Amino acid sequence: MKAFLQKKGVHLSAKVYFVDALSYMALGLFGSLIIGLIIKTIGVQLGLPFFTEMGTLAMSLMGPAIGAAVAYGLGAPPLVLFAAVVTGAAGATLGGPAGSFVAALISTEIGKLVSKETKIDIILTPFVTIFVGYAVASFIGPEIDAFMKMFGSWISWATEQRPIVMGMLVAILMGWALTAPISSAAIAIMLDLSGIAAGAATIGCSAQMIGFAVSSYRENKFGGFLAQGLGTSMLQVPNIVRNPLILIPPTVAGLVLAPIGTTVWVMENVAAGAGMGTSGLVGQIMTLETMGFSVDVLMKVLLLHFVGPAVISLLISEYMRKKGWIKPGQMTIQTGGN
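A few points on the structure. Owing to the predicted nature of the structure, the values given are computational and were not obtained by experimental measurement. (Residues numbered from 1 in each chain as written. Predicted model: local features only at pLDDT ≥ 70, side-chain atom pairs only at ≥ 80, totals over all residues. Heavy atoms only, no water.)

## Description of the overall build of the chain
Defined as follows: A helix here means a DSSP run of H or I that spans at least four residues, while a strand means a run of E at least two residues long, and both kinds are numbered starting from the N terminus. Taken over C-alpha atoms, the radius of gyration is set against a globule rule of 2.2 Å times the number of residues to the power 0.38. Note on exposure labels: buried denotes an accessible area under 20% of the residue type's maximum, exposed denotes more than 50%, and partly exposed covers the range between, all computed with a 1.4 Å probe on protein chains only. Accessible surface is estimated by sampling points in the Shrake-Rupley manner with a 1.4 Å probe; for residues, cover comes only from the protein chains shown.
Each helix and strand counted, the chain has 16 helices and zero strands in total. The C-alpha radius of gyration of the chain comes to 21 Å, within 12% of the 20 Å expected for a compact globule of 338 residues. For the chain, the C-alpha atoms occupy an extent of roughly 65 × 45 × 40 Å along the three principal directions. Relative to its full complement of 338 residues, the chain shows a buried share of 51%. Element-wise, carbon and sulfur atoms account for 74% of the exposed surface of the chain, whose accessible area totals about 15,300 Å².

See below:
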């Protein structure tokens, strides 16, 4: 059985299913729902119906995009991958983003098992993949989606009742999820985070990205600053493994700023922007879309998402460097150009 599973590329691993597949799900979300929201927002704000319709269409194709992304991430053969477009759509229709992920994941793995095993592969493989995906979407998807949304609503409610403590916890955990090799964007959307809980998550994620970008500027210069500040702080994961102390500056920045964003300058967001941080400025665009495009909101975004994380992280990292807790070269990132 192990030999057969290995031959079929089926790896029964938590890392494969909850790290790799979830990361590819995030790419599917970005290529449909998130970019669609951005395009639609541009269309609405500038009065461009063409952009509004384009964005709406992209958002509506979230399910198929998740299905294709998950199947691709799991190394599915062509017929399984194309059929996963259908299972992802079924999962989204019947169980939301979480249902789409689970339906695509299970149907892809089962589809890989039957792929190229019979002479009627062109019929059997897509049939099995779609059948399994639709069955999962019908019987499991709604329950999973309901649980994720209920859990997310608990987080939002708790953040409103205890804005300081819960805001800090949400900021830290979502910030760590963004930097870790899992998808904070997918988590936020599956949990359907909203309101000040989503606002706290955005602050925590932004603190990780801007914090690492500024703290490591002497090692990575302007190119590294952009790669981390507008790309992903995940580039620091190998360095964190070698010296976990480098995680302290951006984490403290999120810890300090989140309570301000939940009590003094109340920040809100939606699920699509909650787990994005400053990646492509999606978190900021969605914050402005949620709270309104005004000078007041823009100033809060600049202070809590950019200036605050930069100043706090820089001060702490420089202190840690003087103490020898962060040594030269320990925050150097490896990019495609290095």
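## Some points on unusual backbone geometry
For D192, which is not glycine, the phi dihedral falls at a positive 55°. D192 sits in the partly exposed class, given a relative accessible area of 40%. Of note in this structure, K221 is not a glycine but carries a positive phi near 55°. Relative to the elements of secondary structure, K221 occurs in helix α11 (residues 217-231). Residue K221 is classed as partly exposed on the basis of its relative accessible area of 49%.

## A short note on the packing of aromatic side chains
Here is the rule we go by: Within 6.5 Å between ring centres, the rings of Phe, Tyr and Trp (the latter by its six-membered ring) count as paired, and their orientation is classed by plane angle as stacked under 30 degrees, edge-to-face over 60, tilted in between.
Per the stated rule, a full pass over the model turns up eight aromatic pairs. Ring centres of F50 and F51 lie 6.2 Å apart, and the angle between their planes is 75°; this geometry places the pair in the edge-to-face category. Note on F51: relative accessible area 31%, which makes it partly exposed. The structure contains a cluster of three or more aromatic residues connected by ring pairs, namely F147, F151 and W154.

## Let's talk about α11
Counting along an α-helix, one turn takes 3.6 residues, and residues three or four places apart therefore face a common direction. Using the following cut-off: One less than the residue count of a helix, multiplied by 1.5 Å, gives the span that helix is expected to have. The reported bend at a residue is simply the angle between two axes, fitted to the 7 residues ending at it and to the 7 residues beginning with it. The contact rule is simple, with two residues in contact once any of their heavy atoms fall within 4.5 Å.
Over its 15 residues, α11 extends only 15 Å from the first C-alpha to the last, a length that falls short of the 21 Å expected when each residue adds 1.5 Å. Of all the bends in α11, the greatest measures close to 80° and is centred on G223. Of the surrounding secondary structure, the elements contacted by the buried residues of α11 are α10 (195-215) and α16 (295-323).

## Topic: the pattern of salt bridges
Definition in use: A carboxyl oxygen of Asp or Glu within 4 Å of a side-chain nitrogen of Lys or Arg is what we treat as a salt bridge.
Applying the stated criterion across every chain, the model contains six salt bridges. Between K149 and D145 there is a salt bridge whose closest N-O contact spans 3.5 Å. Residue K149 and its partner D145 are located together in helix α7 (residues 141-161), separated by four residues, close to a single helical turn. Judged by its relative accessible area of 11%, D145 falls in the buried class. E318 is the salt-bridge partner of R321, the closest N and O atoms lying 3.7 Å from each other.

## Some words on helix α13 (residues 248-264)
Taking 1.5 Å per residue, 17 residues should reach 24 Å; α13 reaches 24 Å between its end C-alpha atoms and fits that length. The sharpest bend along α13 reaches about 25° and sits at L257, with the proline P259 one to four residues further on. In the core, the buried residues of α13 are packed alongside α7, α8 (163-179), α10 and α16.

## Details of a nonpolar patch on the surface
To keep things clear, this is the line we draw: Nonpolar side chains (Val, Leu, Ile, Met, Phe, Trp, Tyr) are joined into patches within 5 Å and like charges within 9 Å, using only residues with over 30% relative accessible area and no salt bridge.
A cluster of nonpolar side chains, contributed by V264, W265, V295, L298, M299, L302, L303, V307, V311 and L315, occupies part of the molecular surface with about 890 Å² of accessible area. Examining the composition of the nonpolar patch, we find that eight residues originate from one element, α16, more than from any other. In this structure, M299 sits in helix α16.

## Topic: the environment of K40
For K40, the location among the structural elements is in helix α2 (residues 14-46). On the accessibility criterion, K40 (30% relative accessible area) is partly exposed. For the pair K40 and G55, spaced 15 residues apart in sequence, the C-alpha separation works out to 4.3 Å. Sequence-distant contacts of K40, defined by excluding residues within four places in its chain, comprise F51, T52, G55, T56 and M59.

## Topic: the packing of helix α6 (residues 121-139) against α7
Under the convention used in this document: Geometry is summarised by axes, namely lines fitted to C-alpha atoms with helices restricted to the contacting stretch, and by angles between N-to-C directions that run from 0 to 180 degrees. The scheme is simple: roughly parallel for angles under 35 degrees, roughly antiparallel for over 145, roughly perpendicular for 65 to 115, oblique for anything else. When residues are grouped by polarity, Ala, Val, Leu, Ile, Met, Phe, Trp, Tyr, Cys and Pro land in nonpolar, Asp, Glu, Lys and Arg in charged, and all others, Gly among them, in polar.
One can describe the packing of α6 onto α7 by two numbers: an axis separation of 3 Å at closest approach and a directional angle of 50°. As summarised for this structure, α6 and α7 are arranged oblique, according to the angle between their axes. For the pair α6 and α7, the contacting residues are V136, A137, S138 and F139 in the first and G141, P142 and E143 in the second. Looking at the contact of α6 with α7, its residues break down into four nonpolar, two polar and one charged.

## Overview of the side chain of T202
You can see T202 is positioned in helix α10. Excluding residues that lie within four positions of it along the chain, T202 makes contacts with N269, G273, A274, G277, G283, Q284, T287 and H305.

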